[in-house]
Amino acid sequence: MTSFLDTITPEVLHTDPYPVYQRLRRDHPVAEIPALGCWLVTRRQDVRQVMSDGQTFTTRFPSAMSDIYGSENILSSSGDTHKGMRAGVEEIFEPERAGPAREYARKLVIERVSGMRGRADLMGEALQPVAAEVFRWMLSLEVDSTTLLRLAHAVWPGILDPGDPAKLAVSAAAMNELDAALTPWLEELGPDPSSAIARWRHVTPGSGCPRGVAEVLPTIRVVLPSLPEPGWAAGSLLVALFNDPDQRRLVRDHPELLGDAVHELLRWMPPFGLVERVTTRPVELDGTHLPAGAHVVAAIGSANRDETVFEQPDTFDLRRPRQPLATFGYGEHTCLVRAFIPAIVEGMVAGVLDVHPGVRADPSEPSRVAGWATRYTARLCVDGLGDPATGYTQGHRRAADAHLGVARG
Ligand code: HEM
């Protein structure tokens, strides 16, 4: 008889991983999945343990993509080497500095959408190009953002399907092009406290020498795939708001709730859903014995819907009390720019809704949210650009206020 675990395939997860995760959390929280060739970890407490215990669950293991990134990068390193790599740059991405990132993203989106009327694909025409420019700006890279966007998109198929040599070759070619574009600039780059990359090159605790270009490039390569993620998150938030008129009205009537909506989106539909580790020793996790050398995949998307932490976890509800999320990871490798991403997503969505209050889904080309390692809609076709806000009455306003317990005179 076929067991439930045998029915779990990449295709099933690609369509919608969440029903599978729900059953795994309940019955098989740490499960070896034959079709995936890994152990899938789905409960929040276990996902946190996998990412927090870097001694037992290491980020440093051979893989086709680690050969392409270069093995000495920020994600594959640990201990003092890793601390040294973060030490110089963490200050740049402190939460107090996130405001300008929000404003920059908002301004760029407004520039792109202001002239739009009627229909458009907001993902391709605004959110992705803006994500690329914000990425370039955050790292102060001297490469144009159109090139960065093209290269980031070229890398993903190899990450998602490392068993396909043709896709890996495209990823490797994109990384080589990135290296060629960056190397002359990096060679000349002097110390500059305002630049993340200059800090990576020149802030080297315990050593008097700057890092060589070949020591900096693998870390730029490993973060390049993150470039589209804020745009994917912004697109998913717009889809969630288009699909739920009540939530849309709450944001429209109470713009100060947009931050809560972004937090909820990053819980409900994180654009990046998995992290990989390999065990360095035999270990027991939630009652399951894992051998040394086990390939472990921690499902961030599942942890964010753990019903022991979140009530009605499958519902998108911006009124939910904010709780810490698994979205940006745990432990020493927690996302370096985790304070900036919500601000950037908020800036992007605010830019669209401020300029086009009547924007709505285009029924002739519905969004298709798909994927499990990454989950997003590749196109976000909308209608109503240039229209005023529609269908919004005093009754709606009172209902929105009632949700929030707001009294109006
Ligand atoms: C919605 C957007 C993003 C999400 C959800 C996200 C999430 C994550 C997660 C889960 C990790 C931990 C990976 C692991 O433990 O294996 C991580 C690490 C990291 N992220 Fe992000 N990320 C996003 C965007 C970005 C962007 C745009 C950048 C760069 C500008 C970035 C830079 C990094 C770096 C450098 C690390 C490695 C940190 C380390 O190893 O110490 N992330 N991110």
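Residues numbered from 1 in each chain as written. Predicted model: local features only at pLDDT ≥ 70, side-chain atom pairs only at ≥ 80, totals over all residues.

1. Here's the deal with the overall build of the protein
Defined as follows: A helix here means a DSSP run of H or I that spans at least four residues, while a strand means a run of E at least two residues long, and both kinds are numbered starting from the N terminus. C-alpha atoms define the radius of gyration in this analysis, and the globule rule sets the expected value at 2.2 Å times the number of residues to the power 0.38. With C-beta atoms placed from the backbone, a residue is buried if 20 or more other C-beta atoms are within 10 Å of its own, exposed if 12 or fewer are, and partly exposed between those counts.
Looking only at helices and strands, one finds 17 helices and 12 strands in the protein. Relative to the globule expectation of 22 Å for 409 residues, the C-alpha radius of gyration of the protein, 22 Å, shows essentially globular dimensions. Here the C-alpha coordinates of the protein stretch approximately 65 × 60 × 40 Å along the principal axes. By the burial criterion, 43% of the 409 residues in the protein qualify as buried.

2. As for unusual backbone geometry
Positive phi is not limited to glycine here, since S140 has a value of about 45°. Structurally, S140 is set in the loop between α7 (122-139) and α8 (145-160). If you check the backbone angles, D286 has positive phi at about 50° while not being a glycine. Of the residues examined, D286 has 13 C-beta atoms within 10 Å and is grouped as partly exposed.

3. Section: the site of the ligand
Applicable threshold: Working rule for contacts: place C-beta from the backbone, and if it is within 6 Å of a molecule or strand, that residue counts as near it. In the scheme used here, Gly and all other residues not listed as nonpolar or charged are polar, with Ala, Val, Leu, Ile, Met, Phe, Trp, Tyr, Cys and Pro taken as nonpolar and Asp, Glu, Lys and Arg as charged.
Neighbouring the ligand are 26 residues, the closest being S226, E229, G329, H333 and C335. Every element with two or more residues in the shell around the ligand is listed here: α7 and α12 (229-243). When the residues that make up the shell around the ligand are grouped by side-chain class, the tally is 19 nonpolar, five polar and two charged.

4. With respect to the sheet that holds strand β1 (residues 30-33)
Our working definition: One requirement defines pairing of two strands: DSSP has to find at least two bridges between them. Note on contacts: each residue gets a C-beta atom placed from the backbone, and two residues are in contact if those atoms are within 7 Å. In this description, a line fitted to the C-alpha atoms serves as the axis of each element, helices being fitted only across the stretch in contact, and the angle between N-to-C directions of two axes falls anywhere from 0 to 180 degrees.
On the basis of which strands lie adjacent, the open sheet formed by five strands has the order β1-β2-β8-β5-β3 and mixed pairing. Since the sheet does not close on itself, it has two edges, and those belong to β1 and β3 (57-58), each with one partner. Together, β1, β2 (38-41), β3, β5 (274-279) and β8 (295-299) form the strand contacts of helix α3 (residues 44-52), whose direction differs from that of β8 by roughly 125°.

5. Things to note about the sheet that holds strand β12 (residues 381-385)
Spatially, the three strands line up as an open sheet ordered β4-β12-β9, and their pairing is antiparallel. What marks the edges here is a single partner per strand, and that holds for β4 (118-121) and β9 (360-361). Taken together, the three bridges between β4 and β12 define a ladder with antiparallel strand orientation. Within β12, the residue paired with D121 across the bridge is C381.

6. Points about the nonpolar core
Our working definition: Each nonpolar core reported here comprises buried Ala, Val, Leu, Ile, Met, Phe, Trp, Tyr and Cys residues connected via C-beta atoms within 7 Å.
Grouped together as the largest cluster of nonpolar side chains are 110 residues, with contacts concentrated most on V41, L237, A298, A299, M348 and V349. Of all the elements, α7 adds the most residues to this core, at 11 residues. Residue contacts for L237: discarding those within four places in its chain leaves A261, V262, L265, V345 and V349.

7. Here's the deal with the environment of Q323
Within the secondary structure, Q323 sits in the loop between α15 (300-303) and α16 (340-355). Owing to 10 C-beta atoms within 10 Å, Q323 belongs among the exposed residues under this scheme. Between the C-alpha atom of Q323 and that of D354, which follows or precedes it by 31 residues, the distance is 28 Å.

8. Description of the pairing of β12
With two bridges connecting them, β9 and β12 associate as antiparallel partners. Each bridged residue has a counterpart across the sheet, and for A361 the counterpart in β12 is V382.

9. Some thoughts on the environment of L141
Tracing the sequence through the fold places L141 in the loop between α7 and α8. Given 22 C-beta atoms within a 10 Å radius, L141 is considered buried. Separated by 182 residues in sequence, L141 and Q323 place their C-alpha atoms 34 Å apart. Contacts of L141, omitting those with residues within four sequence positions, involve R136 and I197.

10. Topic: the pairing of β2
As paired strands, β1 and β2 are joined by four bridges and run antiparallel to one another. Residue pairing across strands places E32 opposite W39, the latter belonging to β2. Counting the residues between successive antiparallel strands, the hairpin from β1 to β2 contains four residues, one of them, G37, with a positive phi of roughly 65°. Bridge count between β2 and β8: three bridges; the pairing is parallel.

11. Details of the packing of helix α9 (residues 165-188) against helix α11 (residues 213-223)
Operational definition: Angle categories are assigned with fixed cut-offs, so that under 35 degrees is roughly parallel, over 145 is roughly antiparallel, 65 to 115 is roughly perpendicular, and the rest are oblique. Note: crossing handedness is left-handed where the near helix turns anticlockwise from the far helix by less than a right angle, and right-handed where it turns clockwise.
Orientation of α9 relative to α11, taken along the N-to-C sense of each, is 135°, at an axis distance of 10 Å. When the axis of α9 is compared with that of α11, the two are oblique. Here α9 runs over α11; the crossing is right-handed. Side by side, α9 and α11 meet where M175, L178, D179, L182, T183, L186 and E187 of the first sit next to V213, V216, L217, I220 and R221 of the second. A class-by-class count of the residues in the contact of α9 with α11 yields eight nonpolar, one polar and three charged.

12. Some points on the confidence of the model for the protein
So the rule is basically this: Every residue is assigned a pLDDT by the predictor, reflecting its confidence on a scale from 0 to 100.
Confidence along the protein averages 93 in pLDDT terms, with 95% of residues attaining 70 or more. Overall, residues 391-409 carries pLDDT values under 50, and its contacts beyond four positions in sequence, including any with other chains, amount to 13 contacts.

13. Brief notes about the packing of α12 against helix α14 (residues 258-268)
Close contact between α12 and α14 brings their axes to 10 Å; oriented N to C, the two are set at 105°. By the criterion of interaxial angle, the relationship of α12 to α14 is roughly perpendicular. Facing α12, whose interface residues are A233, S236, L237 and A240, α14 presents A261, V262, L265 and L266. Across the contact of α12 with α14, the residue classes tally to seven nonpolar, one polar and no charged.

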